[in-house]
Every structure is written in structure tokens, then in C-alpha cells.
Amino acid sequence: MNRSMKSQWVVLLLIAISMLGCYKDEATLKKGPTPYQLNIPTGLPSMIIPADNPLTVEGVYLGRMLFYDPILSGNNTQSCGSCHLQQHGFTDGLKYSVGIDGVEGTRNAMPLINLGWQSTFFWDGGATDLESQALDPVVNPIEMHDTWENALSEIKAIPMYQHLFKKAFGIDEITVPYVVKAIAQFERTLISGDSKYDQYKRGEAFLTPLELQGMDLFTDMSKGDCNHCHVLGSTFSDFAFRNTGLDSIPGDEGRFNITWNPSDKGKFKTPSLRNIALTAPYMHDGRFSTLLECVEHYNTGFHYTTNLDPNLYSAQKGRMTQQEMEAIVAFMHTLTDENFTQNADFFPVR
Amino acid sequence: MKSKLCLNSFMKVRLFLSFSLYFSLSLALMSCRDKETEEEQVVTVNPPSVRVNFLNKVGDSAIVAGHFYNRDGGEPFSLDLFKYYISHAALVNDAGDTLYLNEHTLIDEFDVNRHGFSSNPSIEGLSSNHFNKIIFALGVDQLHNTSGDQAGDLDPVYGMIWTWSTGYIFLKHEGQFLSSTGNPEPLLYHYGTVKAFTPITLPVDIHLENEKQFNINVKFDLNKMYSAVNNIGFEGNNVIQSTGPDDLPWILQMKANIAQSFSILD
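Residues numbered from 1 in each chain as written. Chains lettered and ligands numbered in written order. Predicted model: local features only at pLDDT ≥ 70, side-chain atom pairs only at ≥ 80, totals over all residues. Heavy atoms only, no water.

Caption draft 1: Seen up close, the overall build of chain B. Of the regular secondary structure elements, chain B holds three helices and 16 strands. When burial is assessed residue by residue, chain B has 45% of its 266 residues classed as buried. Taking the intrachain contacts of chain B between residues at least 6 apart in sequence as the baseline, contacts between residues at least 24 apart amount to 72%. Entry remark: accessible area of chain B is about 13500 Å², with carbon and sulfur atoms responsible for 54%. (Helix = DSSP H or I, 4+ residues; strand = E, 2+ residues; numbered from the N terminus. Buried < 20%, exposed > 50% of the residue type's maximum accessible area, 1.4 Å probe, protein only. Contact = heavy atoms within 4.5 Å. Areas by Shrake-Rupley, 256 points an atom, 1.4 Å probe, with all protein chains shown as cover.)

See the structure below:
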């Protein structure tokens with residue numbers, strides 16, 4: 001090979017390499033983040049995900065980082081994960097959570113389970129999407145008590161986040177909407193559908209006679225009648241707002257604070273019963289510490305208040321025996337999903 | 001014979017390489033030249049540039065932070081913070097066509113970069129270039145008022161959103177007022193909710209032309225905001241955040257006043 005030919009080879013090689021380089025860059029940009037494959041268990045419908053926030057592997061990972069990062073709080077001591085603990089179905093076992101300033105909240109921390117099937121958030125449904133929900137705890141003075149301006153500047157100052165936001169969303173400038181997008185992505189992956197009940201439905205487990213009795217009573221309209229609101233199977237709630245007669249005059253007007261509609265006074269969101277044995281205490285104000293107390297409330301304890309749910313209004317007080325109430329509680333325990341509480345994908349990133 | 005064959009194939013490879021090299025080089029050059037000629041050929045006509053400025057005043061006085069301003073029939077007040085959203089501004093021509101100028105703009109009295117917005121609307125194909133109205137709304141429309149996951153001026157970082165009940169704060173006035181005893185007391189008004197959305201129409205007289213710049217100066221008079229139709233008394237009424245139905249009468253009174261508070265400055 002003579003010299004001129006050698007140089008031609010070199011030039012050609014250089015051109016080829018530079019073209020390859022262009023192609024590779026373009027391909028990575030076009031490809032973007034990797035779509036996240038949700039594993040939706042049988043019994044649950046397909047999840048509706050906002051078109052402007054599709055789940056990606058990179059987005060979910062970033063959301064998980066942010067969820068457990070205390071820089072989102074005013075004094076960098078609390079993260080979302082401080083009051084939403086996986087072993088408690090992402091609630092904290094307290095009647096009221098305590099914020100960074102030592103101030104107690106006024107409502108029980110809600111579990112974070114199967115959020116992708118819900119369209120309003122908070123006990124009163126004040127947040128209209130999961131992304132908007134994440135805006136509140138960060139700035140709420142009795143919770144993480146930060147400002148978004150401050151939290152954002154702290155996030156921006158961390159090179160790792162610069163990198164992760166670029167990977168997840170292709171952005172150079174981190175903004176608040178992308179912070180809450182990422183958190184919402186992670187939250188949508190918190191899916192529970194592998195409880196003993198689900199295994200029983202799939203023919204992989206047996207329910208005890210007591211649990212089976214409880215399941216029958218659950219749907220029996222003259223007994224538990226739980227099924228009207230906590231629809232059996234699937235999400236175990238229709239997530240509608242109801243006044244369940246907790247008080248004759250509600251101290252917290254609930255949904256009314258959002259809609260200003262008098263017929264919403266004392267109404268709160270119907271929670272899911274999945275992992276319910278792990279999320280004590282119960283009700284929007286954490287007034288009941290056991291599931292039996294909850295069932296007793298629906299059996300005998302409810303008040304005939306304005307806006308009382310029609311199903312309760314027409315239910316006969318004292319319609320269940322002690323044994324029947326215990327059977328319903330036994331059935332509710334079959335909704336505990338240990339593959340959810342022990343899922344390593346939800347652990348803090350270490 | 002064998003060596004000739006070798007030489008032949010050697011020459012062939014060499015020829016092929018030369019050809020490929022020159023071909024790719026000329027391709028690269030061609031693509032460069034293409035771009036240049038395209039740029040030369042396009043005759044660009046710049047659409048009109050329209051700038052809408054919002055000038056906040058109390059009566060005829062410009063606003064200075066912390067200064068107390070007298071107002072008609074009520075307590076003097078000051079401003080430390082004054083922000084509001086202007087959305088879907090449009091010019092309307094004689095044929096009734098609308099030329100949209102913005103989506104949502106956050107006006108912030110104390111940020112010189114947030115005193116208005118600019119737009120370059122295309123006037124091609126319009127039956128009239130004479131515009132007699134400007135329309136806009138104070139607030140954020142219902143469609144955009146149900147999520148905080150929005151970019152630009154609707155980014156929650158500006159603190160113009162309620163997070164416990166998703167919705168934008170259409171207008172914020174924070175400052176002080178002088179009570180009947182003459183003492184300064186806090187004044188905090190956060191105006192919003194669907195019922196607070198306030199459409200405005202103002203007359204203009206503008207012939208838009210390509211290549212030219214137009215300024216529209218809109219005055220927002222806080223004196224009128226607190227007295228144009230309903231006199232808003234601050235005493236005992238000085239912290240209102242549109243949080244419940246008890247605030248509805250105030251919202252509707254403010255709305256009626258705000259509808260009268262904008263005017264065009266020459």
C-alpha cells in the first residue's frame with residue numbers, strides 16, 4: 001500500500017467514524033428514555049396514564065430518588081418516605097403525621113397503593129391529578145414546609161439530578177413540573193395485586209372457612225354490604241366521596257372545602273381496602289385503631305347526619321353479630337400483599 | 001498473470017476508494033451549498049410585532065413598594081407583592097377575526113421582566129388589518145386550572161397556585177392597610193377559583209402592518225379594583241384567600257370591580 005492510498009484510507013475511516021458518531025447521537029436522542037413496562041396483576045384494569053407523563057425506567061428511578069430525598073423539605077429532614085412507609089402500605093401508623101416543625105397534621109396520612117387508578121387525591125379530593133398532589137406536602141407548613149423555589153434550587157445544585165433529569169426527560173433545565181412528573185411516575189408503579197385473596201382468585205391459595213364467611217358477608221347486602229363502596233376484587237374502592245356518619249355534625253367538612261357544595265359536607269374519599277390491615281389507624285382522622293372498630297361503626301356506630309350515604313341510611317343498625325364482624329375482619333386480612341410491602345423496587349435507592 | 005490480476009484488483013480497490021472519497025466529499029459540499037441557496041431564495045416578511053404592557057397604578061400614581069396610597073371611600077393601602085395572570089389576549093379586527101397574542105402571562109409589578117408580553121402574529125389572509133378591540137381575561141381558564149403540572153408562566157414555582165385544592169391564584173395583593181386607628185395592618189388578598197375568571201374587552205384603534213412594531217399600554221387601576229362598583233373595606237376583611245364559600249361574595253364583588261379596572265393608555 002503506498003502512502004497516498006494510506007492517507008485515503010485514513011480520511012475515509014475518519015469520515016466513517018464521524019458519520020457513525022452522528023448516527024449514534026441522533027439515535028440516542030430519538031430513542032429517549034426506555035418505556036417502563038407496568039406489570040398489572042389480574043383483576044386490575046389497565047391504568048390510565050397522562051399522555052404528557054408516560055412511565056419510563058429513567059423517570060420512575062428519578063421519582064424514587066426524589067420520593068426518598070429529604071432535600072424536598074424546608075430543613076432537609078423529611079422526605080415523602082418519612083410519612084409514607086412501605087411496610088405500612090406507605091402510611092406511617094400514626095393518627096396524624098408530624099411535620100418538620102413538630103406540628104401535627106389534621107388528617108391521617110393516606111396509603112400510596114394503586115394510585116394509578118385514582119383520579120383525585122387527598123381525603124377531600126383537592127388534588128386533581130397525581131402530579132399536582134405532590135406539589136402540596138412540600139410546601140404545606142405543617143408537613144415538609146419548604147418553598148418550591150428553594151427545593152428546586154437545591155435539586156439543581158446536585159449534578160446527579162442534572163444528569164437524571166436529562167436522562168428521564170431530555171431537559172437541561174430542571175423545573176417543578178418535571179419534579180412532580182417524576183414523583184408521580186414512581187407512585188404509579190406502587191401496585192398491589194398479589195394478596196392472599198388474589199392468589200385464591202387465581203387458584204393458588206385457599207381461604208379459611210372464616211375468611212370465606214367474611215367474603216360472603218362482605219357482599220351480603222343485608223350484612224356487611226361493604227361491596228357497595230369497596231367493590232370486591234380490583235381496587236376495592238370506587239374512590240367516590242361519602243359521608244359515613246362518623247359524627248352527627250362533622251368537625252371536618254371534607255369534600256365541601258373543595259367543591260363548596262353543601263351536599264358534600266362531611267364527605268371523604270372512599271379508601272381502598274388493599275393492605276388495610278397494615279394501614280391503621282383508620283378513617284380520615286385516624287379515630288379507629290382496629291379494623292373491628294371500623295366494622296362496628298358500620299354495624300352500629302354511624303350517626304344519622306345530613307348527607308349520610310344512602311346505603312348506610314337504609315342499613316339496619318346491629319345487623320351483624322360479633323362473630324360475623326370478626327369474619328369480615330378476617331377476610332380483610334387476606335388483602336395484605338407481602339410482595340408489595342417487600343418489593344425491592346420500592347425501597348429507597350442506596 | 002497472477003501478479004497482473006493482483007495489480008488489477010489493487011488498482012480497482014484504489015480507484016474505488018478514490019471515487020468513494022471524492023463522492024462523499026462532494027456530497028458533503030453539495031449539502032452545504034443547498035442550505036445556502038435555500039436561505040438566499042426565501043424572501044422573509046416579518047409579521048407585525050405587538051407588545052402589550054400592563055401598567056399597574058393607583059389612580060394616576062405609579063406603584064412603589066411599601067408606599068401607602070389613598071383610595072376612594074376606603075382605607076389607604078400599600079403593596080409588597082402584586083401579581084396576576086392575563087390569559088388569551090387577542091386583537092379583534094373589523095371582520096370579527098381574532099388574533100391571539102398570548103396564552104397565560106404572569107404579570108408581576110415588582111419584576112420588570114414581567115410587565116407584559118410580546119407577540120408576532122401573522123396577519124396573512126385576514127380580511128381586515130384594522131383592529132378595534134383587545135380582549136383578554138384576568139385569571140386562568142378552566143381547562144388549564146385543574147393541574148399544577150404545567151410549564152412556562154403556569155409553573156408552580158411562581159407560587160401562584162393552591163396546592164391543597166388544585167387551582168391557580170389569579171391575583172395576589174399582599175401589603176398593608178391603615179386601620180381606622182391609623183395603624184398599619186396586614187393585607188393579604190388571594191383572588192381565584194372558577195367563579196373569579198374575569199373577561200375584559202377594551203377598545204383599540206390599530207392598523208397592523210408587517211415589519212412594524214405596535215405597543216398597547218393597558219392600565220390596571222387598583223383604586224378601581226377596590227371601589228369601581230363595590231367598595232371593598234379592608235377592616236375585618238383583610239385576609240381572604242378564596243378558600244371557601246364564605247369568600248364567594250368577596251370574589252364576586254372583586255370580579256365586578258376588576259371588570260372595570262382596566263383601560264387603554266395612549
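Caption draft 2: How the structure looks around the pattern of salt bridges. Residue and element names in this part refer to chain A. Applying the stated criterion across every chain, the model contains 22 salt bridges over all chains. Salt-bridge contacts for K196 lead to E211; the nearest nitrogen and oxygen are separated by 3.0 Å. Residue K196 is located in helix α9 (residues 196–201), and its partner E211 is located in helix α10 (residues 209–219); the two are separated by 15 residues in the primary sequence. Of the residues examined, K196 reaches a relative accessible area of 28% and is grouped as partly exposed. Salt bridges sharing common partners tie together R107, D124 and D252. (Salt bridge = Lys/Arg side-chain N within 4 Å of Asp/Glu carboxyl O.)

Caption draft 3: Structural detail: helix α8 (residues 176–188) of chain A. Residue and element names in this part refer to chain A. Between the first and last C-alpha of α8 there are 18 Å, a value that for 13 residues agrees with the 18 Å anticipated at 1.5 Å per step. In terms of burial, α8 is a largely internal element, twelve of the 13 residues being buried. Burial in α8 covers these residues: V176, P177, V179, V180, K181, A182, I183, A184, Q185, F186, E187 and R188. Each element contacted by the buried residues of α8 is listed here: α2 (57–67), α4 (130–133), α5 (135–139), α6 (148–156) and α7 (159–169). (Expected span 1.5 Å × (residues − 1).)

Caption draft 4: Layout of the packing of aromatic side chains. Throughout the structure, instances matching the rule amount to 36 aromatic pairs over all chains. Ring geometry for Y304 of chain A versus Y313 of chain A: centroids 6.0 Å apart, planes at 90°, classification edge-to-face. What makes Y304 of chain A partly exposed here is its relative accessible area of 49%. Through pairs of rings, three or more aromatic residues link up here, namely F54, F82, Y84, F117, F136, F220 and F262 of chain B. When the ring centre of F241 of chain A is taken as origin, the NZ or CZ atom of R255 of chain A, which lies over that ring, is 4.1 Å away. One Lys or Arg, K317 of chain A, reaches over the ring of F302 of chain A and ends 4.7 Å from the middle of that ring. (Phe/Tyr/Trp six-rings, centres within 6.5 Å; stacked < 30°, edge-to-face > 60°. Lys NZ or Arg CZ within 6 Å of the ring centre and 35° of its normal.)

Caption draft 5: Local environment of the packing of α10 of chain A against helix α14 (residues 322–333) of chain A. Residues and elements named next belong to chain A. Between α10 and α14, the shortest axis-to-axis distance is 7 Å and the interhelical angle comes to 100°. Looking at the two axes, α10 sits roughly perpendicular to α14. Together, L210, E211, Q213, G214, M215, L217 and F218 of α10 and Q323, E324, A327, I328, A330 and F331 of α14 make up the contact between the two elements. (Axes fitted to C-alpha atoms, helices over the stretch in contact; angles between N-to-C directions. Parallel < 35°, antiparallel > 145°, perpendicular 65-115°, else oblique.)

Caption draft 6: Molecular detail of the layout of surface pockets. Residues and elements named next belong to chain A. When its volume is computed, the second largest pocket comes out at roughly 800 Å³. Lining the second largest pocket we find 49 residues, and of these H230, T244, P271, M283 and Y298 sit closest to its centre. Broken down by secondary-structure element, the contributors of at least two residues to the lining of the second largest pocket are β2 (268–269), α12 (291–301), α13 (310–313) and α14. Per-element tally for the lining of the second largest pocket: the top contributor is α12, with four residues. A breakdown of the residues in the lining of the second largest pocket according to their chemical character gives 25 nonpolar, 15 polar and nine charged. Counting residues domain by domain, the lining of the second largest pocket receives three or more from each of domain 1 (57–192) and domain 2 (196–334). (1 Å grid on protein atoms, 1.4 Å probe; cavity = no way out; pocket = protein on both sides within 12 Å on 5 of 7 lines; lining within 4 Å. Points joined across faces, edges and corners; volume = space filled by probe spheres on them. Nonpolar A, V, L, I, M, F, W, Y, C, P; charged D, E, K, R; others polar. Domains from an automatic or database assignment.)

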